There are 2 protein chains.
Amino acid sequence: MAEVKLSSTPATAPGKFSKEHTKKELLSILAELDDLQNLLFAEHKHSLLVVLQGMDASGKDGAVRNVFGKMNPMGVLVQPFKTPTAEEMNHDFLWRIHQHAPGKGMIQIFNRSHYEDVLIQRVHKWVDEKTIKKRFGAINDFEKLLEEHNDTHILKFYLHVSREEQWKRLEERTQDPTKMWKYNEKDFEEAKLLKNYWKAYEDVFRHCSKVPWIIVPSDQNWYKEYVIAKTVRDTLRSLKMKFPKLPSAKK
Amino acid sequence: MAEVKLSSTPATAPGKFSKEHTKKELLSILAELDDLQNLLFAEHKHSLLVVLQGMDASGKDGAVRNVFGKMNPMGVLVQPFKTPTAEEMNHDFLWRIHQHAPGKGMIQIFNRSHYEDVLIQRVHKWVDEKTIKKRFGAINDFEKLLEEHNDTHILKFYLHVSREEQWKRLEERTQDPTKMWKYNEKDFEEAKLLKNYWKAYEDVFRHCSKVPWIIVPSDQNWYKEYVIAKTVRDTLRSLKMKFPKLPSAKK
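Everything quoted here is computed from the prediction, not taken from an experiment. (Residues numbered from 1 in each chain as written. Chains lettered and ligands numbered in written order. Predicted model: local features only at pLDDT ≥ 70, side-chain atom pairs only at ≥ 80, totals over all residues. Heavy atoms only, no water.)

1. Notes on the pattern of salt bridges
Charged atoms that come close allow side chains of opposite charge to pair. Filter applied, for reference: Salt bridge, as used here, is a side-chain nitrogen of Lys or Arg placed within 4 Å of a carboxyl oxygen of Asp or Glu. The helix count covers DSSP runs of H or I at least four residues long, the strand count covers runs of E at least two residues long, and both are numbered beginning at the N terminus. Burial classification: accessible surface area is computed with a 1.4 Å probe over protein chains only, and a residue below 20% of its type maximum counts as buried, one above 50% as exposed, and the rest as partly exposed.
Scanning all chains against the criterion turns up 38 salt bridges over all chains. As a salt-bridge pair, E165(A) and K168(A) come within 3.5 Å of each other at their nearest N and O atoms. Placement of both E165(A) and K168(A) in helix α7 (residues 163-175) is noted, with a separation of three residues, approximately one turn of the helix. K168(A) gets classed as partly exposed once you look at its relative accessible area, which sits at 45%. Residue E189(B) pairs with K192(B) through a salt bridge whose shortest N-O separation is 3.3 Å. Connected through salt bridges with shared partners, the residues E3(A), R122(A), E129(A), K133(A), D203(A) and R206(A) form a single ionic network.

Pasting the structure below:
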């Protein structure tokens, strides 16, 4: 993956995308996605792991709701990764993650992920740099395990919002009664560390891109949702899935 | 690890070990082990993973009972790995294993392990050779993860019994009323494949010895138990553990 400089990476849709047309396109993709997810479940061969990373208010929750929200929940699981519990801290950092790796036929969404262990922990210097480097290696090994040993297709999205848009959204959380539940007093403190986070993300892109990252311009939700939905659709299409036939004994 | 040829590897104790003296020595080691396990639990820093592998009737269950049976069960867990469940089969072969990796302060015993996926599955040709090679790599990555990211010390024991001793013990299971519960009609069929298993084990020693294997002559239970207990004791001793002091606030 080519070097990424987030401060000069656009957070808005390329000029050729109009909001109206893209939203229409999104609807048609979502309809197709519904069928593809059903086929993935029925074939019971591959699985899909969708990793969502991004700063607070970058729109991870909205992406889950608007891209995956209409799918059959029998085949779609969402797992958020927050502050580790005491029991999780007793184990290696991938222990709690591996438990939620998708089974055959499933779509598993990680709302934040194992990457927090090389992001927030690094920015706050909770672990030393030597450990961070070792974690990069362990993450690459882990993603390879899922891909090679369970036919899991991994899509890693980084939701890229500009500093201005992030602050606007965080402010809204203090004003809009329907968004106050998302407010966390630490959010503004974290947002002030944006440059440090971007630096940490750039290093993640540098060291953990055997499974490539998809950087999603996310200042406009309609474009963000379109990019994610289209990527998932294209990935599922590429699997050339087929409905299983009757077992020969029952023919 | 040097090449191992199991057909010419002794399954009995070296001549200098007398049964009487070794059993006395074992008792003193077990007493020390009890203290060391308590210290491991109290310090809450390292953990120990004991992998027991070997043919049917090689004495894995007896090793668990006689070496670890007197320890505080609060700090010692045993996990057998048998035929995978349907849910386990939906995931990569290390998924069910990783869940039982020891937390800090714990001793975890695996009665059979992830190595079954490159032993029984290989001998019966349930998976192709390419997959076996990839699994060797995944196993090495996994053991490295536990060692480097949670201070887990791994001890891998192969319990080596001779063909004659194995058949004698399997026969006993058909005669001795206290052993019949262990009888499985497939045991004799499996025992006939001894040479194939030995070949598969030799390849495991060749490819998965970054964490070295300890080959335990196991025709005599007293010697097998002595070797395992002594190795665990020496490993725990080497950790230079200390009881934690009071937190300074409470001094």
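2. Some points on the sheet that holds strand β5 (residues 213-217) of chain A
Residues and elements named next belong to chain A. The condition that has to hold: By this definition, two strands are paired if DSSP reports at least two bridges between them. As a rule, the C-alpha atoms of each element are fitted with a line to give its axis, helices using only the stretch in contact, and angles between N-to-C directions run from 0 to 180 degrees.
Sheet architecture is open: five strands sit in the order β2-β3-β1-β4-β5, paired in parallel fashion. Among the strands making up the open sheet, the edge pair consists of β2 (76-80) and β5. When the angles between neighbouring strand axes are averaged without regard to direction, this sheet yields 20°.

3. Quick word on the packing of helix α6 (residues 129-150) of chain A against helix α9 (residues 194-207) of chain A
Residues and elements named next belong to chain A. The test is simple: The cut-offs work like this: below 35 degrees is roughly parallel, past 145 is roughly antiparallel, 65 to 115 is roughly perpendicular, and the gaps in between are oblique. The handedness criterion is simple: a crossing whose near helix is rotated anticlockwise from the far helix by less than a right angle is left-handed, and one whose near helix is rotated clockwise is right-handed. Residue contacts are defined here by distance: any two heavy atoms, one from each residue, within 4.5 Å place the two residues in contact. Note on residue classes: Ala, Val, Leu, Ile, Met, Phe, Trp, Tyr, Cys and Pro are nonpolar, Asp, Glu, Lys and Arg are charged, and everything else, Gly too, is polar.
Look at α6 against α9: their axes get within 10 Å of each other, and the N-to-C directions meet at 50°. Taken together, the axes of α6 and α9 are oblique relative to one another. The crossing of α6 and α9 is right-handed. When α6 is examined against α9, the residues K133, F136 and N140 are found in contact with a partner set consisting of D203, V204 and H207. Taken together, the residues of the contact of α6 with α9 sort by class into two nonpolar, two polar and two charged.

4. Observations regarding the relation of the copies chain B and chain A
Each copy of the chain is related to the other by a rotation around an axis and a translation along that axis. Stated precisely, the cut-off is as follows: Superposing the copies works by least squares over the C-alpha atoms of residues that have pLDDT at least 70 in both of them.
Between chain B and chain A, the superposition needs a rotation of 180° and an axial shift of 0.0 Å, giving an RMSD of 0.0 Å. Within this description, the copies of the chain are treated as partners about a two-fold rotation axis. A share of 100% of the interface residues of chain B reappears at the interface of chain A, consistent with the copies meeting face to face through the same patch.

5. Topic: a positive patch on the surface
Note the following rule: Candidates for patches are residues over 30% relative accessible area with no salt bridge; among them, like charges are joined within 9 Å and nonpolar side chains (Val, Leu, Ile, Met, Phe, Trp, Tyr) within 5 Å. Reported accessibility uses the Shrake-Rupley method at a 1.4 Å probe radius. Residues are deemed covered only where the shown protein chains occlude them. His is not counted, nor are the chain ends, whereas Lys and Arg count as positive and Asp and Glu as negative. For charged residues, the charge sits on one atom: NZ in Lys, CZ in Arg, CG in Asp, CD in Glu.
On the surface, K130(A), K134(A), K144(B) and K210(B) cluster together into a positively charged patch. Structurally, the position occupied by K210(B) is in the loop between α9 (194-207) and β5 (213-217).

6. A word on the side chain of R135(B)
Note the following rule: Identification of polar contacts relies on pairs of N or O atoms within 3.5 Å, with a donor-acceptor requirement for protein atoms, meaning one able to donate a hydrogen and the other able to accept it, and with residues adjacent in sequence counted only if both atoms are side-chain atoms.
For R135(B), the location among the structural elements is in helix α6 (residues 129-150). Polar side-chain contacts of R135(B) include one of 2.8 Å to the backbone oxygen of D117(B). Among residues more than four places away in sequence, those in contact with R135(B) are H149(A), F93(B), D117(B), V118(B), Q121(B) and V127(B).

7. Observations regarding the packing of aromatic side chains
The condition is simple: Working definition: a ring pair exists when centres of Phe, Tyr or Trp rings (six-membered ring for Trp) sit within 6.5 Å. Plane angles under 30 degrees give stacked, over 60 give edge-to-face, the rest tilted. Counted as over-ring charges are cases with an Arg CZ or a Lys NZ within 6 Å of the ring centre that also lie within 35 degrees of the ring normal.
Per the counting criterion, the structure on display carries 24 aromatic pairs over all chains. With centroids separated by 4.5 Å and ring planes inclined at 45°, the aromatic side chains of Y158(A) and Y201(A) adopt a geometry described as tilted. A residue pair is termed long-range when its members are at least 10 positions apart, and Y158(A) in strand β4 (residues 152-160) and Y201(A) in helix α9 qualify at 43 residues. Of the two residues examined, Y158(A) and Y201(A), each falls in the buried class. Summarising the aromatic geometry, the rings of Y183(B) and F188(B) are spaced 6.3 Å apart at their centres and angled 50° between planes, so their arrangement reads as tilted. Look at Y183(B) and you get partly exposed, because its relative accessible area is 39%. Its guanidinium or amino end placed over the ring of F93(B), R135(B) lies 5.0 Å from that ring's centre, counting from NZ or CZ.

Taken by themselves, the reported measurements are silent on function.
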